[in-house]
Each structure stands twice: as C-alpha cells, then as structure tokens.
Amino acid sequence: MLKGRHLIEPGDFQLNEIESIMQLADNIIADPEGYSLVCRGKLLASLFYEPSTRTRFSFEAAMLRLGGEIIGFDDPNNSSVSKGESLGDTIRTIECYSDIAVIRHPREGTARLVSKFANEMPIINAGDGGHEHPTQTLTDLLTIRKFKGGCDNHVVGVCGDLLFGRTIHSLVKTLSRYQAIRFVFISPTELKMPAHILNQLDPQTYKETTSLDEVIGSLDILYMSRVQRERFISEEEYLRLKNYYILDKKKMKAAKPDMIVMHPLPRVNEIAPEVDEDPRAVYFAQAKYGMYVRMALIAKLLGVEEKK
Amino acid sequence: MINVSKLKKGIIIDHIEAGHGFEIYKQLHLNDIDDVVVLLKKIPSKKMKQKDLIKIETDLQIDMTVLGLIDPNVTINFVKNGELFKKINLTLPKVVNGIMTCKNPRCITQYEDVKEIKFYLVNEEKKQYRCEYCDAYTTFIEEE
C-alpha cells in the first residue's frame, strides 16, 4: 500500500511498489480520460524553493489532469520563508490546507526533514540539492520500460556530472536493484561518482572511464547529464568542464542500433541538436512520461487509483 | 600521588587516552547525575605511559555508546559489592543519535535547527557514519 507514504528517495519503495506505479502509469497512458477526475476535490501544495520548469510543470500538469487543484509558490520570497519561518512550521501550516505536497529545495536532506513534520500529508521530494530526485527516477524507469521492454539486463552508460547529478544518484541506486545491470560511469575526474553511491554497488557491476568514445559501442542505454552551473563555487571550474562531453551524430555512429539516449533535461551543450532527429534519442518522450508517472504516483499516494 | 578509595558499586572507565577523560565526562553528561564521580587525569600507566580514568559510584544505567566514538580502546568495568562482575569491550555504535553533526556544507541541518540527527555506521575501519538527511559520510571528531 502506497497510500499516505512519502517518497523522499527511491529506496523508500520496494521494487514491486515501483512496478505498481509503472503499471498504473501504463493504464493512465492507455486511458487518460478514465483518470481525469480521480483527484477531484484534492489539493496539491507545490513548494518550489529553487527554480524549476520541467519538474514543477509536470507535477502541476499531472495534478490538473487528475482533476485536482494546486496551491503553492515557485519563489520562496513570496512565502513566509522570507519572514524567517522554519521549514517545520511551513509544512505544519500547509498540511492544514493540502492533501499532498511536492517540495524542491536547494539544500540536501530537506525533503526527509519536512516529512518528519507531516502527519498525514504525503511528501514528494522533487529534488533536494545534489542529493536525490526520485520522481525523475520513476520517469527514467518508465522510459526504459517503454523503449527497452523492461529494466533488467542492460549496460547503462551514465555520462557527465556524476558528482552533483542528483537524478543520476537516484537512478543508479534504483537500477542496481534490478537484475543483471552493468554501469559504465563516464565523467571528468573532478566530477566522478561519489563514494557514498559507489559503496552501495557491487564493484563487479561497474567501471569508470573519462572517455565516451571508447565505451559508447557497448551501451544499451546512454544517460547524458548536464554539468550544472549552480552546483559550482568556481565559475572558472564550471567553464572548464561544461563542454567536456558533447554527443553528436559522429559519436552516435559508433553506438548500437537499439541503444537509447536519455537526458533529464534541460540540456545545454552536451547533446548536439542534430541528435534530436535520431530515433534513438528519446529524451523528449522521457519528459512526457514524467508527467504520466507523476500522475500515477500522486494517485497512488492519495489512494485514488480507481477510474471514475 | 592522589589516592581514590576503592569503588563499592558502579562503573570504572579505564585506559582512557590521556586528555580524553573530560570529553567522555561531558559526553556522558556526568555533571547531571547526583552520584559521586571522580575524573583522574594523566595517571602514570605502564602500558600507556599516561592515562585518564573515571569512577562513577552509581546504580544508574549509563548509555556508553558514545565512548566507542571517542576512544574505542577504553575498558569499562562494572563493580558490585566491591568486586568486578562485568567487563565490556567497546564497539562502534551502529546508530548514533544526537551526538554528531553533519559536516556537509550543503546539508539542510546546517541551515535549520535540527535536533538529534541520526547517523548510521557505514565503515567501521574509518569510523564513518552516514547522515540520515543528506547521506553524506562524516566522522566523529572529539573536541579538544
């Protein structure tokens, strides 16, 4: 039962529970009309303490498409935070009005902290600094399921900023729970996968490299990520690393014909626009699946998954 | 040399590295108990050259988990009717609550007033613990 639960990191859910969300997402994709009223009378609090386009829009679109409504802010200066209110007090207050809350915050561990203040209102982590982004993981899993038939037995290349990439941390930890997954971590030395993630993996299941060209031919899935300016203290360091990897048509020639290219978006330079027309580039479909999987998640946490 | 009489009941924390005794005294909140507590500093020791020692004359149960973090080499002797009846070896606690703080500058606990942060042991050799909020690894370093 997922009703009333929080989603702070993917490890909060068992694989069979994740599977049940995927199945509901499949049902919603097959019959969106059938689910268009399941959240009627329900309110989602959308608490975005840092900028977001895709995640916020996809959550809000998800709630509206389920027939629910939204309150919230996308700039903390417009809330009582600017008056010095603690997160605990903000959440206790919001719980008086809302049925479910989505929170994005620049500080790591924020969603876990606020979940301790919510008595009955499910909290969904929509990204906490460089830490976790579990609904992007659900999006990624649904995309892999749709394009690769399932989440087992893949060689997954993860490329770019592996140090600060929260979407990547969440995805790697989750995929490692599936059968026969092998990872190839591709990053500049300065942006390698952190120890706290590597320590959770069987050393036989991953290798690390700085060269995308050398490994692209062995991959079933290539997950590209952006080097995030906002995570760097030094602008000089950011400028040095931001164009370290650029996936273009030439590189794609060396890839398997059925490899898929994923990206959590937004991209900057790491995927050349010429790759967009390649049928293996699935990142825009991935963005669409993000909305469906969030619809499924909201419905599950509110316990309203039966069609109306 | 100062002599302290033999303990009839209570706990002797022995083989404390010289200089760590007061930190243990503070972390065990020994100032808050009404019983007799003696802290001896820099006692000559054959094995350690110098050591600290704490004697607590009490019936209370004292949570010793923090000792493993500060000085895993100490010996804890429990005394009853003037006789040693139990001796325990320390191990690092699996979970530490309210003693450590997270050192990750991006962790929310650096910005909000969070009491009693839980840390989970991840690497015994390196004495590393994982923050329950941000998952960053940290170690317990005693105050000098």
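Reading guide: rules and limits
Residues numbered from 1 in each chain as written. Chains lettered and ligands numbered in written order. Predicted model: local features only at pLDDT ≥ 70, side-chain atom pairs only at ≥ 80, totals over all residues. Contact = placed C-beta atoms within 7 Å. Helix = DSSP H or I, 4+ residues; strand = E, 2+ residues; numbered from the N terminus. Nonpolar A, V, L, I, M, F, W, Y, C, P; charged D, E, K, R; others polar. Axes fitted to C-alpha atoms, helices over the stretch in contact; angles between N-to-C directions. Left-handed = near helix turned anticlockwise from the far one by under 90°. Pairing = 2+ DSSP bridges. Buried ≥ 20, exposed ≤ 12 C-beta atoms within 10 Å, placed from the backbone. Domains from an automatic or database assignment. Core = buried A, V, L, I, M, F, W, Y, C linked by C-beta atoms within 7 Å.

(A) Inspection of the interface of chain A and chain B at higher detail. Contact with chain A, which involves 14 residues of that partner, is made by 18 residues of chain B. Those elements giving two or more residues to the side of chain A that touches chain B turn out to be α4 (110-115) and α7 (195-198) of chain A. Here the side of chain A that touches chain B gets three residues from one element, more than from any other, and that element is α4 of chain A. Here the side of chain A that touches chain B is composed, by residue class, of three nonpolar, eight polar and three charged.

(B) Here's a closer look at the packing of helix α1 (residues 15-30) of chain A against helix α11 (residues 283-302) of chain A. Residue and element names in this part refer to chain A. Contact pair α1 / α11: the axes reach a minimum separation of 8 Å and the direction vectors enclose 115 degrees. Seen along the crossing, α1 lies across α11 with a hand that is right-handed. Residues Ile21, Leu24, Ala25, Ile28 and Ile29 of α1 lie in contact with α11, whose contacting residues are Tyr292, Val293, Met295, Ala296, Leu297, Ala299 and Lys300. In the contact of α1 with α11, the residues fall into eleven nonpolar, no polar and one charged.

(C) Summary view of the sheet that holds strand β6 (residues 95-97) of chain B. Residues and elements named next belong to chain B. The four strands are arranged β6-β7-β8-β9 in an open sheet whose pairing can be described as antiparallel. The sheet is open, and its two borders are formed by β6 and β9 (137-139), each paired with just one other strand. Neighbour-to-neighbour, the strand axes of the sheet open up by a mean angle of 40 degrees, direction not taken into account. Inspection of the sheet shows β6 paired to strand β7 (residues 118-123) by three bridges, in the antiparallel sense. Within the sheet, the bridge partner assigned to Asn97 lies in β7 and is Lys118.

(D) Main features of helix α6 (residues 166-175) of chain A. All names here are of chain A. Summarising burial for α6: ten of the ten residues are buried, a large majority. All of the buried residues in α6 are Arg166, Thr167, Ile168, His169, Ser170, Leu171, Val172, Lys173, Thr174 and Leu175. If you follow the buried residues of α6, they end up packed against β4 (123-128), α5 (134-148), β5 (155-159), β6 (182-186), α7 and β8 (221-224).

(E) Representation of the domain arrangement of chain A in the model. All names here are of chain A. Domain boundaries assigned for chain A yield domain 1 (10-132 + 289-302) and domain 2 (134-287). Using C-alpha coordinates to define each centre, domain 1 is positioned 25 Å away from domain 2. Listed as interface residues are 20 residues of domain 1 and, on the opposing side, 22 residues of domain 2. Residue classes in the side of domain 1 that touches domain 2 are distributed as eleven nonpolar, six polar and three charged.

(F) Region of interest: the environment of Glu124 of chain B. All names here are of chain B. On the secondary structure map, Glu124 appears in the loop between β7 and β8 (128-131). Taking the number of C-beta atoms within 10 Å as the measure of exposure, Glu124 has 11 and is therefore exposed. Spatially, the C-alpha atoms of Glu124 and Leu92 are 7.0 Å apart, while their sequence positions differ by 32 residues.

(G) Structural detail: the domain arrangement of chain B. By the assigned domains, chain B splits into domain 1 (10-88) and domain 2 (95-139). The centre of domain 1 of chain B, based on its C-alpha atoms, is set 26 Å off from the matching centre of domain 2 of chain B.

(H) Geometry of the pairing of β7 of chain B. Residue and element names in this part refer to chain B. Relative to β8, β7 runs antiparallel, the two being bridged by four bridges. Residue Asn123 lies in a different strand from β8, and its bridge partner there is Gln128. In this structure, the hairpin formed by β7 and β8 is closed by a connection of four residues, where Lys127 is found at a positive phi of approximately 55 degrees.

(I) Structural detail: the nonpolar core. Of all hydrophobic cores here, the largest spans 99 residues; its most connected members are Val158, Leu222, Met295, Ala296, Ile298 and Ala299 of chain A. In terms of residues, this core owes the most to one element, α11 of chain A, which gives eleven residues. Residues in contact with Ala299 of chain A, not counting those within four places in the same chain, are Leu24, Tyr35, Val38, Cys39, Leu66, Val304 and Glu305 of chain A. Core analysis: the next-biggest nonpolar cluster, separate from the first, contains 13 residues, Ile11, Ile13, Leu28 and Val74 of chain B among them.

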